[in-house]
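# Remarks on the overall topology
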Amino acid sequence: MADPGRFETTPGGYGDLPRSADVVVIGGGVTGASTAFQLAKRGVGVTLLEQRELGAGATGKSGALVRAHYTNPVETALTLESLRIFAAWDEVVGAGSPRFEAVGFVQVVAPEDEPHLRANVAAHQALGVETAVVSAADLAEIEPLMRTDDLTHVAFEPKSGYADPLGTLYGFAAAATRHGASVREGTAATAIATDPRGRVVGVDTTRGRIATESVVLAGGAWANRLLAPLGVDLGLTPRRIQVVVFRWPRGVDQGRRHRVVIDATTHAWFRPEGATGTVIGVETGGRTCEPDGYGETADAAYVDAARAALAHRFPAFAHATMRGAWAGMIMMSVDSRPLIGPVPEVPGLYVIAGDSGTSFKTAPAIGVCLAELLTEGTASPVDLTPFRPSRFAEGLPWRDEHTYGGVEEHLLTISR
Ligand SMILES: Cc1cc2nc3c(=O)[nH]c(=O)nc-3n(C[C@H](O)[C@H](O)[C@H](O)COP(=O)(O)OP(=O)(O)OC[C@H]3O[C@@H](n4cnc5c(N)ncnc54)[C@H](O)[C@@H]3O)c2cc1C
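Residues numbered from 1 in each chain as written. Predicted model: local features only at pLDDT ≥ 70, side-chain atom pairs only at ≥ 80, totals over all residues. Heavy atoms only, no water.

## Re the environment of R225
Assignment of secondary structure puts R225 in helix α7 (residues 224-227). According to the relative accessible area criterion, R225 is partly exposed, its value standing at 39%. On a C-alpha basis, the gap between R225 and T190 in space is 8.4 Å, while along the polypeptide they are 35 residues apart. Residues in contact with R225, not counting those within four places in the same chain, are E290, P291 and D292. At 2.5 Å, the side chain of R225 forms a polar contact with the side chain of D292. (Helix = DSSP H or I, 4+ residues; strand = E, 2+ residues; numbered from the N terminus. Buried < 20%, exposed > 50% of the residue type's maximum accessible area, 1.4 Å probe, protein only. Contact = heavy atoms within 4.5 Å. Polar contact = N/O pair within 3.5 Å; in protein donor to acceptor, adjacent residues only side chain to side chain.)

Pasting the structure below:
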């Protein structure tokens, strides 16, 4: 596997920071790196800025579930495109590895949500996702750890799973540099500079200005700091969320990796972590907080809530030993769906923002879509119109028809 490579970090001073670029990408997380790679591959002169080090934001904390099951077909289409890239990583990206683990994915829903489940699965199948509605009896064979007595049917995707978020990010960054992109860690964008007509003319950084007419802001939970001075309010709220790792108890088959699960009955997700652990995130009402200086360790009460949610679906974990936990920052949008595309008030500015903790799996496709949007004016793999940042100003926030538990996802704060 290719060496993920090293990235220019010349802290302090202007150094050899490019003085101009076709496009400046702000944010060294997985969506910024994917976009920088896809732009550089198309011959665009890109500079990627990261204020700390690559993966310092949500990407470095991600659960990195990769599943096609959504309650709308648009995000499923983005995931499908990403799955193609994960599957052909060496040919398409050619650096690093996402270490994709196709252990299979189960979407658990309450019996009363079965009609919604069937509608969603039918939509996914129409898009070409390998997925099926399976009975609780069949589920017991698909995942022997699973409690099924409170279920009738679930969805099963045999080819979904999880990946290594930093391996994925490092691969994109290394591939971007190979195609000529300049990737700068330890370099914060301090302002997006505009001319009197409000058009982008540059990016001010801690190491000087880069002249550019195009900026992709992929700043995760920090995005508002660059948007607010431009008078742009996209309704984005930074939020702290948590995860816990439990050791597999004695009696659990230590030689088999269990399936990835999203359980809509407990608002939890979980997947294998390492060789003998399970990582879980569960909805407990995440809290709004500033992204700098947030508490990076999980709260004690959260550990108990996570164990209870895990044990509800995998009873063998009722007394599982907690082995670690962490918190990360995500950016919520008003309707919990990502904003991807141009910001009309600031010509030349594009965002991937407010993904509400769901854009690891879709990052490979987001990069393709944004690169095409900037170079060709339209995105071919997936129509980005539903993701347009202007939807709130238009009074048209996103609503899904077939949600689970009657809960709009914007009320949930678990990332998956
Ligand atoms: C605990 C947790 C679990 C998750 N689980 C999943 C999951 O299972 N599946 C899934 O698909 N998604 C999941 N997510 C969400 C996913 O990780 C994020 O959607 C994704 O990583 C976002 O990537 P990003 O590049 O947009 O943002 P980030 O990774 O947050 O990167 C933004 C970067 O921008 C940098 N930055 C900000 N401002 C500036 C500036 N002014 N100048 C320079 N740099 C700047 C930051 O330092 C940061 O590194 C999870 C997230 C968390 C926290």
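## Topic: the sheet that holds strand β10 (residues 200-205)
In spatial order, the strands read β9-β10-β11; together these three strands make up an open sheet with antiparallel pairing. The outermost strands of the open sheet, each flanked by one partner alone, are β9 (189-194) and β11 (208-211). When strand polarity is set aside, the average angle formed by the axes of neighbouring strands in this sheet is 25°. (Pairing = 2+ DSSP bridges. Axes fitted to C-alpha atoms, helices over the stretch in contact; angles between N-to-C directions.)

## Concerning the sheet that holds strand β1 (residues 23-26)
Pairing in this open sheet of six strands is mixed, and the strands run β8-β2-β1-β12-β20-β19 from one edge to the other. With partners counted over all chains shown, the strands left at the sheet margins are β8 (182-184) and β19 (339-342), one partner each. Neighbour-to-neighbour, the strand axes of this sheet turn through a mean angle of 15°, independent of strand direction. Here three bridges tie β1 to strand β12 (residues 215-217), and the two strands are oriented parallel to one another. Counterpart to V24 in the pairing with β12 is V215.

## Some remarks on the packing of aromatic side chains
Enumeration over the complete set of coordinates arrives at eight aromatic pairs. Between F314 and F317, the aromatic rings sit 6.0 Å apart at their centres with planes inclined by 35°, giving tilted as the arrangement. We note that F314, like F317, is buried. Here the aromatic residues F37, F86, W89, F100, F172 and F360 are joined through ring pairs into a cluster of three or more. The lysine or arginine in question, R67, covers the ring of Y70, its NZ or CZ lying 4.1 Å from the ring centre. (Phe/Tyr/Trp six-rings, centres within 6.5 Å; stacked < 30°, edge-to-face > 60°. Lys NZ or Arg CZ within 6 Å of the ring centre and 35° of its normal.)

## Quick word on the confidence of the model for the chain
Taken as a whole, the chain shows an average pLDDT of 94; of its residues, 94% reach a score of 70 or greater. When pLDDT is averaged over each element of the chain, β12 comes out on top at 99 and strand β17 (residues 287-288) at the bottom at 82. This model gives residues 9-14 a pLDDT under 50, and the stretch forms nine contacts once residues within four places in sequence are excluded. (pLDDT = per-residue confidence, 0-100.)

## Description of helix α6 (residues 165-178)
Between the first and last C-alpha of α6 there are 20 Å, a value that for 14 residues agrees with the 20 Å anticipated at 1.5 Å per step. The buried fraction of α6 amounts to ten of the 14 residues, a majority that puts the element mostly inside the structure. Looking only at α6, the buried set comprises P165, G167, T168, L169, G171, F172, A173, A174, A175 and A176. On the buried face of α6, the contacting elements are α1 (30-41), α2 (73-87), α3 (89-92), β8 and α9 (363-376). (Expected span 1.5 Å × (residues − 1).)

## Thoughts on the site of the ligand
Surveying the vicinity of the ligand reveals 38 residues, the closest of which are T31, E50, T59, L65 and K361. Backbone polar atom of V30 to an oxygen atom of the ligand: 3.1 Å apart, as the coordinates give it. At 2.7 Å from an oxygen atom of the ligand is found a side-chain nitrogen or oxygen belonging to K361. For the shell around the ligand, the secondary-structure elements that each account for two or more residues are α1 and β13 (237-247). Per-element accounting of the shell around the ligand gives the leading share, three residues, to α1. Counted by class, the shell around the ligand contains 16 nonpolar, 17 polar and five charged residues. Counting contributing residues, the shell around the ligand receives three or more from each of domain 1 (23-62 + 165-235 + 335-408) and domain 2 (101-162 + 237-332). (Near = heavy atom within 4 Å. Nonpolar A, V, L, I, M, F, W, Y, C, P; charged D, E, K, R; others polar. Domains from an automatic or database assignment.)

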